[in-house]
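# Per-entry structural report
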Amino acid sequence: MTRTVLPRRTSALPLIVALLIVQFALRCHHPALQSAFVDEHHHIRRAAVVYDFDQNPVSFSHGKLLLYYWLGLFGLGGDSELALARIAIGLFSLIGSAAAAATARDLFGRRAAVPTLALYALAPYALFFERLALADPFAGALAALTAWGSIRLARKPTVRRGLAVGLLAGLTALAKLTTLGVVVLPLIALVLLRRQGRPTAGVSEGWRLRGKAVLRPLIAVLIGWALVWSGYALGLLADAHASGSTNVIDSYLVDGEPGITDLTENLRDTLDGVVILLSSPGALVLVGCTLVLLRRRTAAGLYVLVWLLALWGPSVILGSPVQTRYLAAGVPALAVLISGGIAEITRPLAPRFAGALIAGGIGLWAVGFALPFAYDASHNPAALHLPERDVSSYISGPFAGWGTRDALDYLRDHGDRIGGRIPAVGVLRHCGSIALHLTDEFAWTCIDRQHVPTDNMPADVRAWTPVYDAADTWPFVYLVTDYTEHTPLDAPPQTPPYTWELVFAVDRPRGGKTVAVWRIAAER
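Just so you know, these numbers come straight off a predicted model, no measurement behind them. Numbers given to residues run from 1 along each chain, matching the order in which its sequence is written. Given that the model is predicted, a residue must reach a pLDDT of at least 70 before its local features are reported, and side-chain atom pairs must reach 80 or more before they are shown or counted; all residues, however, enter totals for whole chains, interfaces and linings. With hydrogens and water excluded, all non-hydrogen atoms of the structure serve as input to the side-chain values.

Turning our attention to the environment of A310. Working definition: helices are DSSP H or I runs of at least four residues, strands are E runs of at least two. Numbering for both runs from the N terminus. Turning to its location among the elements, A310 is positioned in helix α14 (residues 298–318). Relative accessibility decides the category of a residue: with a 1.4 Å probe and only protein chains considered, values under 20% of the type maximum give buried, values over 50% give exposed, and everything between is partly exposed. Residue classification places A310 among the buried residues on the basis of a relative accessible area of 12%. Taking the C-alpha atoms as reference, A310 lies 57 Å from T495; in sequence the two are 185 residues apart. Residue contacts are counted whenever heavy atoms from the two residues lie within 4.5 Å of one another. Beyond its immediate chain neighbours, meaning those up to four positions away, A310 contacts T178, G181 and V182.

Next comes the structure, spelled out in structure tokens:
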């Protein structure tokens, strides 16, 4: 008898492992080089106390409860907590990319898996936000797991799988409340992707049997989701009982009355972010691949689009304005759309030729766009090409620590100390952005607009009472301020008996305001 020898399938495992290592390295190389963003300060401070169990975590979770339990595992505290928190997000991102690759494989075949992983590992849209300690990529990874689990549920509807997917959907929303919509993915998967067997009875009886087959798994999904959210609901009730009110989610960037004009502007900003952070060719390929999938693989393409819209819809519709970071949770779905479309387009080609073609295309995009961005992200983040609003948020504006961090570095190197500490006061537009760059060598006080009853810093520096209180307590005090319109560099304020001496000034990058350091002392 003649034996038929089948060709051995080349394992992609070494390439997958290499891409995961590259992904982690790109996110964690020089993790603290990018100046701290104010939301990172809030997240890290909450994560540092969440395991103390001395207060209801729902009371300070602001719709991101699970993030704090993840970050809190890393024992945040001390001078390295910013870097450590960012590494924790980079580590969790591996789950998101692996889930996205598994989703692409199950929907579009093995040819789509590795390209998905490569695109996600290198895409600036994922890279930039996963180098920050933010909730959005963390929730996006859980959403990708939910999307993959929903496909597995559709392929084999069982109560156990339904319960697991329900738990994942609930945990995703606990990571960020705006991702609540992923709970529809199991139902959409069962409608679009379930493999239908040939009914043995009549048409109506066949539909009845198929409905019965998926009813129990769907109920299990709801039970799993309810188990997670019943605990959260109890926390909300306890918080409301203790404080008389509860803060479920930050609403300062939510439009209470969205209109057509706002939606149009948000859609434009969303497109702008995709073009800048995926490149113009990348955005065109995304559109083309999506159209190909909707035409040739309609059910699978629609499923991925629902996954994306479940994550993007709330922010695009209700954002005031929409924030690019809020959309970062959808990057795994974007990678699956692109890789799925590429796999479908190259399906008629021989595997080796198709693989070389795909590798060449991704390689050109990586060398010409993604890798230069990655280099700047870990060596010169102030030079990154970002959407205009992101430049303001993360580089030039007061919500990031650029400029103020330089002021602290100057004082560490040149500032005088009293009892081993540097007395300093910050009068800043936002105090949170500098907090993660402070160390114990500073005797530090900070005030911003939130500490002023009028919500606007007084132009008369004589009303900056914490500065003079510190000057009376210490022989001198350093003032770090970005209100240089009230403290002109060439005209020191006159506030007898206090003397002002300008010792350092630096401009925030990309046209941001000047940050100045003054030495103030009382005549004694």
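Only strands joined by at least two bridges in the DSSP assignment are considered to pair. One open sheet holds the five strands; their spatial order is β2-β1-β3-β5-β4, and the pairing between them is mixed. One side of each edge strand has no neighbouring strand; the edge strands of this open sheet are β2 (442–447) and β4 (498–507). Strand-to-strand twist of the sheet, defined as the mean angle between neighbouring strand axes without regard to direction, takes the value 20°. Pairing of β4 with strand β5 (residues 514–522), which is carried by nine bridges, proceeds in the antiparallel orientation. Following the sheet pairing, V506 is matched in β5 by V515. Helix α18 (residues 404–414) rests against β1 (422–427), β2, β3 (477–481), β4 and β5 of the sheet, and its axis sits at about 120° to β4. Convention adopted: a line fitted to C-alpha atoms gives each axis, helices being fitted over their contacting stretch, and angles between N-to-C directions are expressed from 0 to 180 degrees.

With that out of the way, let us pick up the packing of aromatic side chains. The rule is short: rings of Phe, Tyr and Trp, with Trp giving its six-membered ring, pair when the centres are within 6.5 Å, and they are stacked under 30 degrees, edge-to-face over 60, tilted in between. Using the criterion set out here, one finds 19 aromatic pairs in the structure. With centroids separated by 6.0 Å and ring planes inclined at 75°, the aromatic side chains of F129 and Y394 adopt a geometry described as edge-to-face. Taken together, the residues F129 in helix α7 (residues 124–130) and Y394 in helix α17 (residues 388–396) connect sequence positions 265 residues apart. Considered together, F129 and Y394 belong to a single accessibility category, that of buried residues. Following the ring pairs from residue to residue traces out a cluster consisting of F37, Y125, F128, F129 and Y394. The ring centre of W402 lies 5.0 Å from the NZ or CZ of R405, which sits over that ring. Charges are assigned to positions over rings by a cutoff of 6 Å between ring centre and Lys NZ or Arg CZ, combined with an angular limit of 35 degrees from the ring normal.

For the rest of this paragraph, the subject is the side chain of K64. Tracing the backbone through its elements, the reader meets K64 in the loop between α3 (58–61) and α4 (65–72). A polar contact of 3.2 Å, which involves the side chain of K64, links it to the backbone oxygen of H62. Whenever two N or O atoms come within 3.5 Å, that pair is a polar contact, provided that in protein one can donate a hydrogen and the other can accept it, and provided that, for residues adjacent in sequence, both atoms are side-chain atoms.

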